[in-house]
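So the chains spell out like this:
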Amino acid sequence: MPKSRLRKKADYTPPPSSVTAVKISSGRSWVAPLMLVLFLIGLAWIVSYYVTSGTWPIRSWGNWNILAGFGFIAAGFGVSTQWK
């Protein structure tokens with residue numbers, strides 16, 4: 001059986017990069033603690049509303065206290081978008 005012809009291929013060399021990577025310091029160390037604090041405030045707000053049968057945190061708000069607690073939690077999710 002005849003042997004196939006061998007082709008010599010050049011080794012791959014990547015093109016030289018003209019742009020060097022620069023490490024960027026984000027300086028966003030405040031994001032994770034603030035996010036966790038907002039989550040915990042929202043959770044504590046909702047739990048305290050249910051445990052005290054609506055007399056605490058703000059009695060005059062009634063069921064709007066639940067929305068306030070979820071507002072803190074939503075703010076925590078909003079802050080989490082800044083986390084890198």
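Residues numbered from 1 in each chain as written. Predicted model: local features only at pLDDT ≥ 70, side-chain atom pairs only at ≥ 80, totals over all residues. Heavy atoms only, no water.

(A) Up close: the environment of Ser 80. Within the secondary structure layout, Ser 80 lies in helix H2 (residues 64–80). Relative accessible area serves as the criterion here: at 21%, Ser 80 is assigned to the partly exposed category. Each C-alpha atom, one on Ser 80 and one on Leu 36, is 9.2 Å from the other, the two residues being 44 residues apart in sequence. (Helix = DSSP H or I, 4+ residues; strand = E, 2+ residues; numbered from the N terminus. Buried < 20%, exposed > 50% of the residue type's maximum accessible area, 1.4 Å probe, protein only.)

(B) Just the packing of aromatic side chains, in detail. Taken as a whole and assessed by the stated rule, the structure comprises four aromatic pairs. With a centroid separation of 5.7 Å and an interplanar angle of 40°, the aromatic rings of Trp 45 and Phe 72 are classed as tilted. Pair noted here: Trp 45 is in helix H1 (residues 31–51) and Phe 72 is in helix H2, with a separation of 27 residues, a long-range link. When the centroid spacing of 5.7 Å and the interplanar angle of 65° are considered together, the rings of Tyr 49 and Tyr 50 count as edge-to-face. According to the relative accessible area criterion, Tyr 49 is buried, its value standing at 9%. (Phe/Tyr/Trp six-rings, centres within 6.5 Å; stacked < 30°, edge-to-face > 60°.)

(C) Highlighting unusual backbone geometry. Each neighbour pair has its own omega, and for Trp 56 with Pro 57 the value is 10°, a cis peptide bond. One can find Pro 57 in the loop between H1 and H2.

(D) Region of the structure containing the packing of H1 against H2. Packing of H1 against H2 brings their axes to within 8 Å, and their N-to-C directions diverge by 165°. Taken together, the axes of H1 and H2 lie roughly antiparallel to each other. Once H1 is placed against H2, the crossing between them reads as left-handed. Contacts from Val 31, Leu 34, Met 35, Leu 38, Phe 39, Ile 41, Gly 42, Leu 43, Trp 45, Ile 46, Tyr 49 and Tyr 50 in H1 reach Asn 65, Ile 66, Ala 68, Gly 69, Phe 70, Phe 72, Ile 73, Ala 75, Gly 76, Phe 77, Val 79 and Ser 80 in H2. Split into classes, the residues belonging to the contact of H1 with H2 amount to 19 nonpolar, five polar and no charged. (Axes fitted to C-alpha atoms, helices over the stretch in contact; angles between N-to-C directions. Parallel < 35°, antiparallel > 145°, perpendicular 65-115°, else oblique. Left-handed = near helix turned anticlockwise from the far one by under 90°. Contact = heavy atoms within 4.5 Å. Nonpolar A, V, L, I, M, F, W, Y, C, P; charged D, E, K, R; others polar.)

(E) Looking closely at H2. Its 17 residues place the ends of H2 24 Å apart at the C-alpha level, agreeing with the 24 Å of an ideal helix rising 1.5 Å per residue. Residues of H2 that are buried include every one of Asn 65, Ala 68, Gly 69, Ile 73, Gly 76 and Val 79, and no others. Along the axis of H2, the buried positions cluster into a sector of 140°, meaning they face one direction only. Seen from the open side of H2, the exposed residues pointing more than 90 degrees away from its buried face are Trp 64 and Phe 77. The elements touched by buried residues of H2 are H1. (Expected span 1.5 Å × (residues − 1). Arc of directions from axis to C-beta.)

(F) Spotlight on a nonpolar patch on the surface. Among the surface-exposed residues, Leu 40, Leu 43, Val 47 and Val 51 lie close enough to one another that they form a single nonpolar patch of about 400 Å² accessible area. You can see Val 51 is positioned in helix H1. With a relative accessible area of 65%, Val 51 lands in the exposed category. (Patch = residues over 30% accessible without salt bridge, like charges linked within 9 Å, V, L, I, M, F, W, Y side chains within 5 Å. Areas by Shrake-Rupley, 256 points an atom, 1.4 Å probe, with all protein chains shown as cover. Salt bridge = Lys/Arg side-chain N within 4 Å of Asp/Glu carboxyl O.)

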